[in-house]
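# A look at the structure
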Amino acid sequence: MADKGKFYITTAIAYTSRKPHIGNSYEIVLTDAIARYKRLQGYDVFMLTGTDEHGQKIEEYAKAAGVTPKQYVDKVAGEIRGICDLLGTSYDKFIRTTDGYHERVVQKIFKKLYEQDDIYKGEYEGMYCTPCESFWTESQLVDGKCPDCGREVKPAKEEAYFLRLSKYQKQLEKFIEENENFIYPEARKKEMLNNFIKPGLQDLCVSRTSFKWGIPVTFDENHVIYVWIDALSNYITAIGYDPDGSSEQYKKLWPADVHIIGKDIVRFHTIYWPIMLMALGEPLPKQVFGHPWLLFGEDKMSKSRGNVIYADDLVELLGVDAVRYYLLSEMPYASDGSITYETIIERYNSDLANTIGNLVNRTIAMQNKYFDGVIQAPTDKAPVDDELAQFALDTVKKMEQCFTTYRVADAIEAVLNLAKRSNKYIDETMPWALAKDEAQRARLGTVLYNLLEAIRFIAVLLSPFMPETAEKIFAQMNCDIKAYDSLEAFGALESGVKVNEAQALFARIDSEKMLEEIAAKQEAAAKKEAAAKPKEIEGLAEIGFEDFQKVELRVAKIKECEPIKKAKKLLKIQVDDGTPEGRQIVSGIAPWYAPDELIGKSVVIVANLKPAKLCGEMSNGMLLAGDTADGGVSVLFVDGIELGTQLR
């Protein structure tokens, strides 16, 4: 295949505050799928990812952990890179912002911008959000909190250097309006123009004096370079940019063809970053694609919410390609995606085991059964064959259209639909019936040839999404015709080749059993984490009276109680809490209480606990219970106290 030229693609670099959860890992898999597809098409692809390792938050985490900031980021950066490798991502370079070459070039960039008066010294006074490392004015706050993350902010005042965003506002506005594909999707472009740029840009704080874990400003020892110039510059320092003379690699690769980033950092990549490049006199990236978030159910993943899923845990359960498939297929184009253990198992069984796996397995098995594995030449054709062939060719075109705008979920759905159409072709042609009639032997050979060719199309098209699975399919077919241009016509598969033995690609999962295993692991992990926490004086961790007041304890009577089939430890309980509608609570007390023991009992519930979904059932509260000496659980019964009574 002819070289189609370079394609430079990047992820946002991951912040080294803690181990990334599966929502963070979505971006690297998405970017990898795009990179692999472009390579398949014949592009000379360079994919960059890495870690962002400076800042006040890192300094605080390291102090709490009793290590140096460098020791802290070395550990977390290793975890992040390990997850990238575990998920089979094909990055060409992994940059760390603590790399010496990066730090030196960032210092040069800062000095160059200062010397040409694009950076100036001033003083900042405002509200500061430590987790986001962002300053805000009072008017920008939402309900008095950070508009980005919703956390508390605190007043801060310090000397700082500023980047003159205002100087480049009109130039940036003109560029975005004239380059309609610069910001994707369209809604993000409108948001940047209407909400941030046109109302007027304020100059950006680009240095700090209140912490030391950052790249020092060479000409002012009290200052370290603040996150945005440091982090955003990675896209050019990684490939050899230098204000004193850039490398040939930089000249070849820049400008980037696309930055793949989360929707929460579009502003930084479409306002701060382009203005930095304009000030440096460098071309702007061709495109910035802001993808949505992957949520746990309907909530953003958070360790404090207890709803975090990690990539390595999922890979251990399901395998790498199944995790990649779910991440890429479940995320809508412009709205947030969702992940729960129940849905990922359901999709695994329906799409991978039933549709793709079953198609490959039974086709290979029939080829071995009816022709001793030898692929026959397609000599006895029928109109239904042309329909399958056209569907396969249309799938290639559909994928090309989807990748043009990074609709990756739609692209993977197109491949799944080809597998469904191939399964339908089996039902239409009934090879088992043809095999009973010796006169239909040529027709049977043709049918199986068409199925194997359709499967070859599927394997080639799956390779960006599920590279291991694609290779397993090729191995079972004993086929090495994997090039993208082999999909220009239907029928490139060679006859006379003998396929290998059929092997299951995806074994069906017993959903109930796996969910029980997951629940047991989560419970064990929670106990281990609790045991590892330092003990307070006399075993008690003190809280303020205001904290206690936030917990609403009420008396409720259990009206109905039944086990949940998918989980042996859970009971679904309907309670009368004095309100007209009552409420449903899911509680893990089934090993210690039979449902009929609980009906009619008055209990204490936490009434204002955030609702959660457990094994598909909503739980709107929690029963109070205590641990017993023998490792059991004892529910607190309060019979005789009036329903709805609030306990104080």
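Numbering of residues starts from 1 in each chain and follows the order in which that chain's sequence is written. In keeping with the predicted nature of the model, local features appear solely for residues at pLDDT of at least 70, side-chain atom pairs appear and are counted solely at 80 or more, and the whole-chain, interface and lining totals rest on all residues. The side-chain numbers reported here are obtained from all heavy atoms of the structure, hydrogens and water having been left aside.

Another aspect to go through is the overall build of the protein. Helix and strand labels come from DSSP, where a helix needs a run of H or I of at least four residues and a strand needs a run of E of at least two; each type is numbered from the N terminus. Regarding its fold elements, the protein presents 21 helices and 26 strands. A buried classification covers 51% of the 648 residues belonging to the protein. Residue contacts are defined here by distance: any two heavy atoms, one from each residue, within 4.5 Å place the two residues in contact. Contacts spanning at least 24 positions in sequence make up 75% of the contacts within the protein whose residues lie at least 6 apart. Counting only carbon and sulfur atoms, one obtains 49% of the accessible surface of the protein, whose full area is about 29700 Å². Counted charges follow a simple rule, with Lys and Arg positive, Asp and Glu negative, and His plus the chain ends left uncounted. Charge positions come from single atoms, namely NZ of Lys, CZ of Arg, CG of Asp or CD of Glu. The centroid of the 80 positive side-chain charges in the protein is displaced by 1 Å from the centroid of its 98 negative side-chain charges. Only protein chains enter the accessibility calculation, which uses a 1.4 Å probe; a residue is then buried when its area is under 20% of its type maximum, exposed when over 50%, and partly exposed in between. Only the protein chains shown count as cover for residues, with accessible areas throughout obtained via the Shrake-Rupley method and a probe of 1.4 Å.

Side chains of strand S14 (residues 288-291) alternate between two faces, with Val288 and Gly290 and Phe289 and His291 buried alike. Whether two strands pair comes down to DSSP finding at least two bridges between them. Relative to S14, strand S8 (residues 183-184) runs parallel, the two being bridged by 2 bridges. Bridge pairing in S14 links Tyr184 to Phe289. Two elements, strand S13 (residues 258-262) and S14, share 4 bridges in a ladder whose sense is parallel. Paired with Gly262 across the strands is His291, a residue of S14. We call a crossover right-handed when, viewed with both strands directed away from the observer, the connection leading from the first strand over the helix to the second proceeds clockwise. Regarding topology, helix H10 (residues 266-280) serves as the crossover connection from S13 to the parallel S14, and that connection is right-handed.

The next thing to look at is the confidence of the model for the protein. Taken over all residues, the pLDDT of the protein has a mean of 89, while the share at 70 or more is 92%. Across residues 535-540 the pLDDT falls below 50, and counting only partners more than four positions away or on other chains, this stretch makes 2 contacts in the model. What pLDDT reports is the predictor's confidence in each residue, on a scale of 0 through 100.

The subject of this paragraph is the nonpolar core. As a rule of thumb, nonpolar side chains are buried together in soluble globular proteins. For our purposes a nonpolar core is just a set of buried Ala, Val, Leu, Ile, Met, Phe, Trp, Tyr and Cys residues, chained together by side-chain atoms within 4.5 Å. Ranked by size, the top nonpolar core spans 113 residues in total, and within it Ile9, Ile22, Ile34, Leu314 and Phe465 carry the most contacts. Per element, the largest residue contribution to this core is 14 residues, and it comes from helix H17 (residues 441-462). With sequence-adjacent residues up to four places away left out, Ile34 is seen in contact with Phe7, Ile9, Ile260, Phe403, Tyr406 and Val408. Grouped together as the second largest cluster of nonpolar side chains are 65 residues, Ile119, Phe162, Tyr235 and Tyr241 included.

What follows deals with the side chain of Asp118. Assignment of secondary structure puts Asp118 in the loop between helix H4 (100-115) and strand S5 (119-129). Excluding residues within four positions of it along the chain, Asp118 makes contact with Leu113, Phe162, Leu163, Arg164, Lys167, Tyr168 and Ala279.

This part covers the sheet that holds strand S11 (residues 215-216). One open sheet accounts for 3 strands, arranged S10-S12-S11; its pairing is antiparallel. The outermost strands of the open sheet, each flanked by one partner alone, are strand S10 (207-208) and S11. Bridging between S10 and strand S12 (residues 224-225) involves 2 bridges; their strand directions are antiparallel. Bridging from a neighbouring strand, Arg208 pairs with Val224 of S12.

Turning next to helix H11 (residues 311-318). Those residues of H11 not exposed but buried are Ala311, Leu314, Val315 and Leu318. Burial along H11 is one-sided: seen end-on, the buried residues are contained in an arc of 100°. The arc in question is formed by the directions pointing from the helix axis toward the C-beta atoms.

With that out of the way, let us pick up the pattern of salt bridges. Any carboxyl oxygen of Asp or Glu within 4 Å of a side-chain nitrogen of Lys or Arg constitutes a salt bridge here. Applying the stated criterion across every chain, the model contains 35 salt bridges. Of the charged contacts, one joins Arg456 and Glu453 as a salt bridge, the two residues approaching to 2.7 Å between their closest N and O atoms. Here Arg456 pairs with Glu453, and both are found in helix H17, just 3 residues apart, close to one helical turn. What emerges from the salt-bridge pattern is a single network uniting Glu53, Lys70, Asp74 and Arg96.

Attention shifts here to H17. One fewer than the residue count of a helix, multiplied by 1.5 Å, yields its expected span. Between its first and last C-alpha, H17 extends 31 Å over 22 residues, near the 32 Å set by a 1.5 Å rise per residue. With 20 of 22 residues buried, H17 is to be regarded as a mostly interior element.

Attention now goes to the packing of aromatic side chains. A pair of Phe, Tyr and Trp rings is counted when the ring centres sit within 6.5 Å of each other, with Trp represented by its six-membered ring. The angle between the planes then sorts it: under 30 degrees is stacked, over 60 is edge-to-face, the rest tilted. Counted according to the given criterion, the structure contains 27 aromatic pairs. The interplanar angle of 85° and the centroid separation of 5.1 Å between the aromatic rings of Phe175 and Phe182 together place this pair among those described as edge-to-face. Owing to a relative accessible area of 1%, Phe182 belongs among the buried residues under this scheme. On the basis of an interplanar angle of 20° and a centroid distance of 3.9 Å, the ring pair of Trp228 and Phe268 is categorised as stacked.

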